[in-house]
Every structure is written in structure tokens, then in C-alpha cells.
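One letter stands for each residue in the lines below.
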Amino acid sequence: SRILTVAAAQLGPIQKAETRAEVVARMIALMEEAKAKRADFIVYPELALTTFFPRWYHEDRAEADPWFEAAMPNPQVQPLFDKALECGMGMSFGYAELTPEGQHFNSSILVDKTGAIVGKYRKIHLPGHVDYDETRAHQHLEKRYFEPGDLGFPVWRTMGGLIGMCICNDRRWPETYRVMGLQGVEMVVLGFNTPSVNGHRSGEGLAQRLFHHRLSVQAGAYQNSCWVVAVAKAGDEDGNHLMGGTLVVNPDGEIVAELEGEADGIIVVPCDLDATRFGKETIFDFARHRRIEHYGAITAQ
Ligand code: CDT
């Protein structure tokens, strides 16, 4: 067996007024807890350093730039990198990325145990809308503030495994997992910020949203025979509620641990990466069983 002990590190709400330094201190506290539980690798949510700012409309998009990181690491986040190195722990977290060319992405990184950034992912499936929408109970302006990711869905050989990333809405799309599955992915890590109600559909509340979340990640894990680690930013951010549901799913699609509640907290799971082999060599042996001659419609316009 090849054990990668992963800590899924949920963050409770981050209010608009909270600073990066305050959030990084919370992330460090979770890392210390993960270290005490012998984790090799800690995974934090999407947009882990700030509130979920795409709910706030700015007529001038540039007014949202203070939510973005122009460099990674940067002085505010450096203490987290320092702590990870001290703990000998790999990590992944999401943040809003502003490139030197002025592009904006909803990104996440993969950092190995030596503190090196070995992977970057830029969110491909951006939900929501571009303009202010008065018909919605709350705004979801990811399409206003971010460009679709331009890096595809790579996987990285690191920490003794083959690891891939996606972000929040990506987890609802089978293509996300399959593109990584085709590269042999053994663990997909992702963070999410999911409002607990659908602003467009009254009656779709927390229970149904949690159901769709679990359905998506369990299917992705099973159909590609990989581990999935899904980590929430949860709770009430300035009057807007995000659901919890931080969990770890095994390659059989079973939830092996799920965090209760909506506060900062971790679940630690020793994941046997060799447990991915059975499914990859039998029912989901893609080389033997896929019938790509019938899949053309998936990539046609
Ligand atoms: N952050 C993110 O991608 N959230 C979406 C909300 C969809 S409603 C516009 C999600 O899929 O969870």
C-alpha cells in the first residue's frame, strides 16, 4: 500500500473585513492540528484567503483587484509556506490570481513537502453571470471577475502519488474527472464555496445542494477510480450562507469521512493510493473498455 494521509481543512466563514493575516493565522492553526494527526498533505478551500467576493458587484471591475494576489507566495501568505515547510507537509489552496499580464483567474496551487509550488490549476467551469442580475437573491459574478482557466486539467507526480486539482463548480462536470482519469489520477483535490440556497430556484435548499455535491464527487471518484478530497468554505459570510460538506471519497465512490458543521476544522484520512488500482485495471480500464468512436459529441460545439 502507498498511504498519503490527507487533511481536508474546512474554513468557516471569512467576513469582508477580515485581513489575509487573520485568515492565514487560522490556516496555520489547522495545519498544526493536521500535523498532530500526522497528515502529509493539507487541502484548503477555493478562494481560501478571502471572503467569497464574487457575490459583491463592482461596476468598475478593477475595484475587485484588492481581492487578488499578484504574487504567490507573497508577504501575507509567506507564514503559511514557512509553517508547511516546518511541518514537512504538502498543501493545496485556492486564491484569486492576478497575472503580470493583467489576467484574472480563480486558481489553486499544489505545494510539495519542500515548499515548492509544483502545480497550478485555473478554474475552467466558471458559474454565475457577468452583469448585475436583479432577479437573483444573491449575485454570483465569477464570470465578471475571472477568465476561464487556460491550463487544462493536468496531474502531477508528487508526494508519492499522481494528484490533480479542480475547483468548486468543476466538481459537477464528469469531464473534469475523466480528463484527469485518463492521465491516471489517483487523488483529485478541490475546494468549494457553495451557497446553501439556489438564488434562482426557490425550494432548492441545503439538503438538495448537499445531495448534488455528494452525488458529483462520489460519481467522479468511482468512475475514475480515484480518491476525491472536497473542502468547503462554510457558514455565514456577511449575511450570505455557504454550505459545509467537507468530505473524502474513496475510489469505490464511498464517503469515508465527512466533517460536521460549518466552522474551521479538519478531517484526516490515510488514503491508500494503491486502492485506485483495482478499478483502473478492471471495470474502468479505459484502454480496454472505452468506445471513443461514439463520444465525438462531447467535444463538438
Ligand atoms: N464557487 C462555485 O463555483 N460555486 C458554485 C455555485 C453555483 S450557483 C451559481 C458551485 O457549483 O458550487
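Residues numbered from 1 in each chain as written. Predicted model: local features only at pLDDT ≥ 70, side-chain atom pairs only at ≥ 80, totals over all residues. Heavy atoms only, no water.

Engineer: I'm lost on the site of the ligand in this one. Help?
Structural biologist: Surveying the vicinity of the ligand reveals 13 residues, the closest of which are K123, C168, N169, R172 and T194. Contact between the ligand and N169: an oxygen atom at 2.8 Å from a side-chain N or O atom of the residue. At 2.6 Å from an oxygen atom of the ligand is found a side-chain nitrogen or oxygen belonging to T194. Within the complex, 89% of the 360 Å² of free accessible area of the ligand lies under protein. Given that more than half its atoms are within 2 Å of the pocket grid, the ligand belongs to the largest pocket. (Near = heavy atom within 4 Å. Polar contact = N/O pair within 3.5 Å; in protein donor to acceptor, adjacent residues only side chain to side chain. Areas by Shrake-Rupley, 256 points an atom, 1.4 Å probe, with all protein chains shown as cover. 1 Å grid on protein atoms, 1.4 Å probe; cavity = no way out; pocket = protein on both sides within 12 Å on 5 of 7 lines; lining within 4 Å. Sits in = over half its atoms within 2 Å of the grid points.)

Engineer: Hey, could you run me through the pattern of salt bridges in this one?
Structural biologist: Opposite charge on two side chains makes pairing possible when the charged atoms of those side chains draw close. Evaluated as defined, the whole model comprises 22 salt bridges. Across the pair R26 and D264 runs a salt bridge whose closest N-O atoms are separated by 2.8 Å. Taken together, the positions of R26 in helix α1 (residues 20-36) and D264 in the loop between β13 (255-258) and β14 (265-272) put the pair 238 residues apart, joining distant regions of the chain. For R26, a relative accessible area of 19% corresponds to the buried category. A salt bridge links E258 to R214; the shortest N-O distance between them is 2.9 Å. Of the two residues, E258 is situated in strand β13 and R214 in helix α5 (residues 206-224); the sequence distance between them amounts to 44 residues. The network of salt bridges with shared partners includes E97, K120, R122 and D150. (Salt bridge = Lys/Arg side-chain N within 4 Å of Asp/Glu carboxyl O. Helix = DSSP H or I, 4+ residues; strand = E, 2+ residues; numbered from the N terminus. Buried < 20%, exposed > 50% of the residue type's maximum accessible area, 1.4 Å probe, protein only.)

Engineer: What is the right way to read the packing of aromatic side chains from this model?
Structural biologist: Given two aromatic rings, one states the distance between the centres and the angle between the planes to describe the pair. For the structure shown, the criterion picks out 10 aromatic pairs. Arranged with centres 5.8 Å apart and planes meeting at 65 degrees, the rings of F53 and F146 form a pair that is edge-to-face. Taken together, the positions of F53 in the loop between β2 (41-43) and α2 (78-87) and F146 in the loop between α3 (142-145) and β6 (155-158) put the pair 93 residues apart, joining distant regions of the chain. Judged by relative accessible area, F146 falls into the buried class, the value being 5%. Aromatic pair Y57 and Y132: ring centres 5.4 Å apart, planes at 70 degrees, arrangement edge-to-face. Within this pair, whereas Y57 is found in the loop between β2 and α2, its partner Y132 is found in the loop between β5 (117-122) and α3, the two being separated by 75 residues in sequence. By the ring-pair criterion, three or more aromatic residues cluster together here, those being F53, W67, F68, Y145 and F146. The aromatic ring of F192 is capped on one face by R171, whose charged end is 4.4 Å from the ring centroid. (Phe/Tyr/Trp six-rings, centres within 6.5 Å; stacked < 30°, edge-to-face > 60°. Lys NZ or Arg CZ within 6 Å of the ring centre and 35° of its normal.)

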